[in-house]
Amino acid sequence: MKLTIGETVLTATLADNSSVKALEEKLKDGPIAIQMEDYARMEKVGNLPFHLPTNDQPITTKAGDLILYLGNSFVIYYAPNSWRFTRLGQIEGITAQELKKILGRGSVTVTLSLN
């Protein structure tokens, strides 16, 4: 999956679960833009325009983790957090510092698309 943030395009390796399969089906209809905001100085979070099935499990996140929360919140972590989440995937080849710089402060639009 591709994530476009401004002029930057990142690639993510996706997990193998029903949440990801449902997201991929939605993305076959075209890219999805998500308005995302900072939360708790560890993540960007935004609402998907639909609900996905959840596959929650105890997870400690790391920078670049893509998480589904409560079935309709898309989260990009740039710092660790431990909770019961559904893992969607991991952004490839990026450090926490690089990711924080790309995401910036405040509101940002992240567009998801298939490769």
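Residues numbered from 1 in each chain as written. Predicted model: local features only at pLDDT ≥ 70, side-chain atom pairs only at ≥ 80, totals over all residues. Heavy atoms only, no water.

Draft legend 1. Broad picture of the pattern of salt bridges. Applying the stated criterion across every chain yields a total of 5 salt bridges. Residues Lys 21 and Asp 16 are paired through a salt bridge, measuring 2.6 Å at the closest nitrogen-oxygen approach. By relative accessible area, which is 68% here, Asp 16 ends up exposed. In this structure, Lys 44 engages Asp 38 in a salt bridge whose closest nitrogen and oxygen atoms are separated by 3.1 Å. Judged by relative accessible area, which is 0%, Lys 44 ranks as buried. Residue classification places Asp 38 among the partly exposed positions, given a relative accessible area of 33%. Through salt bridges that share partners, Lys 62, Asp 65 and Arg 87 make up one connected network. (Salt bridge = Lys/Arg side-chain N within 4 Å of Asp/Glu carboxyl O. Buried < 20%, exposed > 50% of the residue type's maximum accessible area, 1.4 Å probe, protein only.)

Draft legend 2. Representation of helix α1 (residues 18–27). Buried residues of α1: Ser 19, Val 20, Leu 23 and Leu 27, and no others. What you see down the axis of α1 is that its buried residues fit within an arc of 95°, all on one side. In this fold, the buried residues of α1 make contact with β2 (8–14), β3 (32–39), β6 (65–69), β8 (82–91) and β9 (108–113). (Helix = DSSP H or I, 4+ residues; strand = E, 2+ residues; numbered from the N terminus. Arc of directions from axis to C-beta. Contact = heavy atoms within 4.5 Å.)

Draft legend 3. Molecular detail of the environment of Gly 30. Structurally, the position occupied by Gly 30 is in the loop between α1 and β3. Put simply, Gly 30 and Ser 113 are 83 residues apart on the chain and 6.9 Å apart in space, counted from C-alpha to C-alpha.

Draft legend 4. Structural view of the pairing of strand β4 (residues 43–47). One ladder, built from 3 bridges, connects β3 with β4; its direction is antiparallel. Bridge assignment links Asp 38 to a residue of β4, and that residue is Lys 44. In sequence, β3 turns back onto β4 through a hairpin of 3 residues, with Ala 40 there showing a positive phi of about 55°. For β4 and strand β7 (residues 73–77), the ladder comprises 5 bridges, and the chain directions are antiparallel. When the bridges of β7 are listed, Glu 43 appears paired with Tyr 77. (Pairing = 2+ DSSP bridges.)

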